[in-house]
Amino acid sequence: MLQLEGIVMRLVRYKESSLILDMYTDKLGMQSFVMNGVFSRGNQRLAALFQLSNILDFVCYYHENKTLHRIKEARSSIIYQHIHSDIVRSAVTSFMLELCRKSIHEKQSNPELFTFLKTSFVYLDRIEKLEFDFHLRFSVELLQYIGFSPQTNYNVRNNSFDLENSDFVPYNSQNKFHILPEYSFVFYQLLTAQKAELKLDTRRKIMDLIILYYKMHIDQFGEMKSPEIYKTIFG
């Protein structure tokens, strides 16, 4: 048996009362687990415990040669205050979870990535006033932990981000992978954690460009559904 901490990334109901869930864990990376009796009569505690984005401490029966591991017992590691009840934070959470599911597949320990994800979800829950560009900053920072972080060589000459080669270059309007200079500068600000006041249309454009970058550099990334929900909520 193993004692783990994990973030719930995906839930699928299994048979009458069980759940299959994907969790990103502190010691084993992304793994799949089954928990029995979640929806048994009189067991509301477990149903509330196993929700998307929840951070759990749990004990499991782990077998290296298996792809599904059984959870023996679990409890909350962090108890959220707002994520599950605030529509805006819930929308941001959905975006973060979908991005993680599509970009994180490794089944080995990455303590830095786990800490980043845990810290990000807790910050999203606890911050008094949520920044409108939080999801953008999360998306850009995540790239550092999964090995696709762009270069930050922006300057007056290298004023366009090249989506294909992951660096800043002189803008060439004939190259379909070159981002317009005005958006490239915003992307550079996000990459270097600079404060940026972004209008709604700019945030939407930058989000589309970041997702395109993920799609270009991660095999079988596919289409994301949550950005459309996010756009609807924010107008």
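This text follows the structure it describes.
Residues numbered from 1 in each chain as written. Predicted model: local features only at pLDDT ≥ 70, side-chain atom pairs only at ≥ 80, totals over all residues. Heavy atoms only, no water.

(A) Looking closely at the packing of aromatic side chains. Following the criterion strictly, the structure yields 13 aromatic pairs and no others. A centroid spacing of 5.7 Å and a plane angle of 35 degrees characterise the contact between Tyr214 and Phe221, whose relative ring orientation is tilted. Taking the relative accessible area as the measure of exposure, Tyr214 reaches 1% and is therefore buried. The class of Phe221 is buried, set by a relative accessible area of 2%. Three or more aromatic residues joined by ring pairs form one cluster here, namely Tyr154, Phe161, Phe168, Phe185, Phe187, Tyr188 and Tyr213. We note Arg13 situated over the ring of Phe39; from NZ or CZ to the ring centre the distance is 3.9 Å. Sitting over the face of the ring of Phe221, Lys102 holds its NZ or CZ atom 6.0 Å from the ring centroid. (Phe/Tyr/Trp six-rings, centres within 6.5 Å; stacked < 30°, edge-to-face > 60°. Buried < 20%, exposed > 50% of the residue type's maximum accessible area, 1.4 Å probe, protein only. Lys NZ or Arg CZ within 6 Å of the ring centre and 35° of its normal.)

(B) Structural context of helix α2 (residues 87-103). Compared with the 24 Å implied by 1.5 Å per residue over 17 residues, the 24 Å span of α2 between its first and last C-alpha is a close match. Looking at α2, one finds that the buried residues are Arg89, Ala91, Val92, Thr93, Phe95, Met96, Leu97, Glu98, Leu99, Cys100, Lys102 and Ser103. The opening residue of α2 is Asp86, an N-cap whose side-chain oxygen sits 2.9 Å from the backbone nitrogen of Val88. (Helix = DSSP H or I, 4+ residues; strand = E, 2+ residues; numbered from the N terminus. Expected span 1.5 Å × (residues − 1). Polar contact = N/O pair within 3.5 Å; in protein donor to acceptor, adjacent residues only side chain to side chain.)

(C) Looking closely at the nonpolar core. Within the largest apolar cluster, 51 residues are counted, with the highest numbers of intra-cluster contacts made by Ile104, Leu117, Leu142 and Tyr214. Looking at this core, the elements with two or more residues in it are β1 (2-14), α2, α3 (111-126), α4 (134-146), α5 (181-191) and α6 (200-217). Tyr214 has contacts with Leu99, Ser103, Ser139, Leu142, Leu143, Ile146 and Phe221, leaving out every residue within four places of it along the chain. Core analysis: the second largest hydrophobic core is formed by 17 residues, Met23, Leu28, Leu49 and Phe50 among them. (Core = buried A, V, L, I, M, F, W, Y, C linked by side-chain atoms within 4.5 Å. Contact = heavy atoms within 4.5 Å.)

(D) Layout of the pattern of salt bridges. Under the criterion given, the structure shown has nine salt bridges. Asp22 is the salt-bridge partner of Arg10, the closest N and O atoms lying 3.1 Å from each other. Of this pair, Arg10 sits in strand β1 while Asp22 sits in strand β2 (residues 18-25), placing them 12 residues apart in sequence. The class of Arg10 is partly exposed, set by a relative accessible area of 37%. In this structure, Glu197 and Lys195 form a salt bridge, with 3.6 Å as the shortest nitrogen-oxygen distance. Judged by relative accessible area, which is 69%, Glu197 ranks as exposed. Note on Lys195: relative accessible area 70%, which makes it exposed. (Salt bridge = Lys/Arg side-chain N within 4 Å of Asp/Glu carboxyl O.)

(E) Examining the pairing of strand β4 (residues 55-61) more closely. For β4, the buried fraction is high: six of the seven residues fall into the buried class. In this structure, β4 lies alongside strand β5 (residues 68-78), joined through seven bridges in antiparallel fashion. Note on β5: the bridge partner recorded for Val59 is Glu73. Between β4 and the antiparallel strand that follows it, β5, lie six residues. (Pairing = 2+ DSSP bridges.)

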